[in-house]
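Results of the structural survey
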Amino acid sequence: MSMIAAFYSGKSILITGATGFMGKVLMEKLFRTSPDLKVIYILVRPKAGQTTQQRVFQILNSQLFQKVKEVCPNVHEKIRAIYADLNQNDFAISKEDMQELLSCTNIIFHCAATVRFDDHLRHAVQLNVTATQQLLLMASQMPKLEAFIHISTAFSNCNLKHIDEVIYPCPVEPKKIIDSMEWLDDAIIDEITPKLIGDRPNTYTYTKALGEMVVQQESGNLNIAIIRPSIVGATWQEPFPGWVDNLNGPSGLIIAAGKGFLRSIRATPMAVADLIPVDIVVNLTLAVGWYTAVHRPKSTLIYHCTSGNLNPCNWGKMGIQVLATFEKAPFERAFRRPHADFTTNLIISQYWNAVSHRAPAIIYDFYLRLTGRKPRMTKVMNRLLRTVSMLEYFVNRSWEWSTYNTEMLMSELSPEDQRVFNFDVRQLNWLEYIENYVLGIKKYLLKEDMAGIPEAKQHLKRLRNIHYLFNTALFLIAWRLLIARSQMARNVWFFIVSFCYKFLSYFRALSTLKV
Ligand SMILES: CCCCCCCCCCCCCCCCCCCC(=O)SCCNC(=O)CCNC(=O)[C@H](O)C(C)(C)COP(=O)(O)OP(=O)(O)OC[C@H]1O[C@@H](n2cnc3c(N)ncnc32)[C@H](O)[C@@H]1OP(=O)(O)O
Ligand SMILES: NC(=O)C1=CN([C@@H]2O[C@H](COP(=O)(O)OP(=O)(O)OC[C@H]3O[C@@H](n4cnc5c(N)ncnc54)[C@H](OP(=O)(O)O)[C@@H]3O)[C@@H](O)[C@H]2O)C=CC1
């Protein structure tokens, strides 16, 4: 019997960010392993024309929740969606809902965040810092609360090379930042943002670091733990391999590469690709929830959920395996044939951006114009290159995260819990995982049918022929222009032509003699 699964039975659990990538997998695992939990409260806002209820309905009816429905047929009754917006005061939660949350909640998993790298500092502070502070305040008023688990990121201290499972303070106190956001106008915030974030690459990593400081400062008597995952990728094993539902991290770039838009990237092939499957993150999160509530460690423990020091993979190996999977199962209607060049040189990378990305986009737009359609490829390409430039920071560096607490927790689990809540990344086979990841992107993100693979392969063959034809035409035009301008080129050309002629005449003579 799993002690962790038994621990969550009968519990009332509050999850923020439950509609996000990690939140969905967390809910799924909770319902599947502890079907007799009491209730999961989720803080949800309406979005994209859908009410909170419609959003929950859609999640529960998705492929991800198929297995849950078998083990927990009344899952609809056990999930309570509470209207909330984490950008508002008291999260805009109604008085009755707030009362219920305060009096019933046993465990909190705080997953909500803005994960955008380019978010305005005001918005990133509001969600990643102020909302965390407000949630802690709520937690301090919950008499039945046993544990508060905060999800941060391993990159909150990406300005350091070696990162321990401790909180590193930022120069300016989070409270001062929160206060200043209330009265500074956007223009001034824009001006001070680079100074505040310092040697971090974006507002996301900076505000996640501030969020951790808030957790430490406001923890009071609460039982708190912080989890720091690295780059969260598709599921490894559970509920099935390869599940992913957004473009964050590598997923968007894999699509761009598979569709032939992205053919080269400024990346260091030997740099560690610190990916971590989302089901490993969720298993660790649930184990940490149990351990924090039951063992009540004296101080706030931080758990690194990373792969680099236990089972490293690098971007070069990943790129090769991604391409190998495209060979087996290409994406449909590709713009060009997939290709992946990794270069560390800025000038070479700019050259490939011009030749391999911008030029084909301009040519395609020219073709669209000629055929009376609206040009769009240059715009798509510019956005893609902007995205790539934001991710480059993470593919040209390696970090070392110590995993002392995570390994300690693993040794505390019973053999059954180690199996049911497996977060031992050493057991992961990267080649198999990356292949399933790419296939998962094809199935669950692009919604492509595996039956379409022969047609996708045919399409790539056509693109190859167009490529050869285009290159030959380009070569002949260039050569023709060169001949018109240079005597030397003309001499070379006549030499080649006369050589070929003599060669052919010799063979013709030889065949006549044989007859
Ligand atoms: C030669 C290629 C070989 C490829 C094989 C090898 C793959 C190597 C991959 C390396 C990836 C490295 C990733 C490192 C990530 C580090 C993560 C740190 C860990 C964390 O804690 S953070 C969680 C992760 N967060 C993110 O990933 C967020 C990143 N996204 C953003 O910040 C914003 O989306 C972005 C990029 C600033 C774009 O903003 P914007 O232009 O305003 O617009 P949208 O967000 O609305 O999207 C516009 C457009 O782009 C598509 N999109 C979004 N994200 C991505 C993405 N990651 N990759 C590609 N495309 C993306 C989106 O769907 C939109 O498309 P439209 O068609 O609708 O315009
Ligand atoms: N993905 C990754 O690679 C990594 C993620 N993390 C951390 O893991 C956690 C989960 O990330 P992930 O699931 O990938 O992120 P997602 O972007 O997929 O999910 C974010 C969640 O936060 C919710 N949210 C955002 N703004 C609000 C708001 N104003 N009110 C209510 N809810 C809001 C979103 O709700 P809605 O659906 O309404 O937008 C969504 O449920 C985050 O804390 C992130 O920092 C850490 C390392 C890596």
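Residues numbered from 1 in each chain as written. Chains lettered and ligands numbered in written order. Predicted model: local features only at pLDDT ≥ 70, side-chain atom pairs only at ≥ 80, totals over all residues. Heavy atoms only, no water.

The name an unreviewed UniProt entry assigns to the protein chain is Fatty acyl-CoA reductase, from the organism Enhydra lutris kenyoni. Listed under Subcellular location (unreviewed entry) in UniProt, the entry text for the protein chain is "Peroxisome membrane". Taken from UniProt, the Function (unreviewed entry) comment for the protein chain reads in full: "Catalyzes the reduction of fatty acyl-CoA to fatty alcohols." (UniProt positions renumbered as here; feature names shortened; annotations may be inferred.)

1. Considerations on helix α3 (residues 52-60)
For α3, the set of buried residues is Thr52, Arg55, Val56, Ile59 and Leu60. All buried residues of α3 lie within an arc of 130° about the axis, which places them on one face of the element. Residues of α3 that are exposed and point over 90 degrees away from its buried face: Gln53 and Phe57. On its buried face, α3 is in contact with α2 (21-33), β2 (39-44), α4 (66-71), α5 (75-78) and β3 (79-83). (Buried < 20%, exposed > 50% of the residue type's maximum accessible area, 1.4 Å probe, protein only. Helix = DSSP H or I, 4+ residues; strand = E, 2+ residues; numbered from the N terminus. Arc of directions from axis to C-beta. Contact = heavy atoms within 4.5 Å.)

2. As for the domain arrangement of the protein chain
The figure often quoted for interface size is the accessible area lost as the parts come together. According to the domain assignment, the protein chain consists of domain 1 (3-239 + 271-311 + 398-422) and domain 2 (456-512). Measuring from the centre of the C-alpha atoms in domain 1 to the corresponding centre in domain 2 gives 62 Å. (Domains from an automatic or database assignment.)

3. Observations concerning empty space enclosed by the protein
This structure, assessed with the given rule, holds two cavities of 30 Å³ or more. Taken as a whole, the largest cavity encloses approximately 80 Å³ of empty space. Along the walls of the largest cavity sit Ile276, Ile280, His304, Cys305, Thr306, Leu310, Thr403, Thr406, Glu407, Met410, Phe423 and Val425, which together make up its complete lining. Looking at the lining of the largest cavity, the elements with two or more residues in it are β11 (301-305) and α16 (404-412). Broken down by element, the lining of the largest cavity gets its largest block of residues, three residues, from α16. One number sums up the size of the second largest cavity: a volume of about 40 Å³. (1 Å grid on protein atoms, 1.4 Å probe; cavity = no way out; pocket = protein on both sides within 12 Å on 5 of 7 lines; lining within 4 Å. Points joined across faces, edges and corners; volume = space filled by probe spheres on them.)

4. Some remarks on the site of ligand 1
As a matter of local geometry, ligand 1 sits amid 29 residues, with Arg116, Phe117, Tyr204, Leu247 and Gly249 nearest to it. A distance of 2.7 Å is found between an oxygen atom of ligand 1 and a side-chain nitrogen or oxygen belonging to arginine 116. Tyrosine 204 places a side-chain nitrogen or oxygen 2.8 Å from an oxygen atom of ligand 1. Contributions of two or more residues to the shell around ligand 1 are made by α11 (251-258), β9 (264-266) and α15 (377-395). No other element matches the six residues that α15 contributes to the shell around ligand 1. (Near = heavy atom within 4 Å. Polar contact = N/O pair within 3.5 Å; in protein donor to acceptor, adjacent residues only side chain to side chain.)

5. A look at the nonpolar core
Residues Ile15, Ile42, Phe109 and Leu409 are the most contacted members of the largest nonpolar core, which totals 106 residues. For this core, the element with the most residues is helix α12 (residues 278-295), which contributes eleven residues. Among residues more than four places away in sequence, those in contact with leucine 409 are Leu284, Ala287, Val288, Trp290, Tyr291, Tyr303 and Phe423. Formed by 45 residues, the second largest nonpolar core is a distinct cluster that contains Val39, Leu136, Met138 and Val214. (Core = buried A, V, L, I, M, F, W, Y, C linked by side-chain atoms within 4.5 Å.)

6. Some details on the UniProt feature "domain: Thioester reductase (TE)" (unreviewed entry) in the protein chain
Mapped onto the present numbering, the UniProt feature "domain: Thioester reductase (TE)" (unreviewed entry) falls on residues 15-284. When the span residues 15-284 is considered, its composition is 42% helix and 14% strand, and the gap between its end C-alpha atoms is 16 Å.

7. Focus: the site of ligand 2
Ligand 2 sits among 26 residues. The nearest are Thr19, Arg45, Lys47, Arg55 and Tyr204. Contact between ligand 2 and asparagine 87: a nitrogen atom at 3.3 Å from a side-chain N or O atom of the residue. Notes on ligand 2: free accessible area 880 Å², of which the protein chains cover 91%. (Areas by Shrake-Rupley, 256 points an atom, 1.4 Å probe, with all protein chains shown as cover.)

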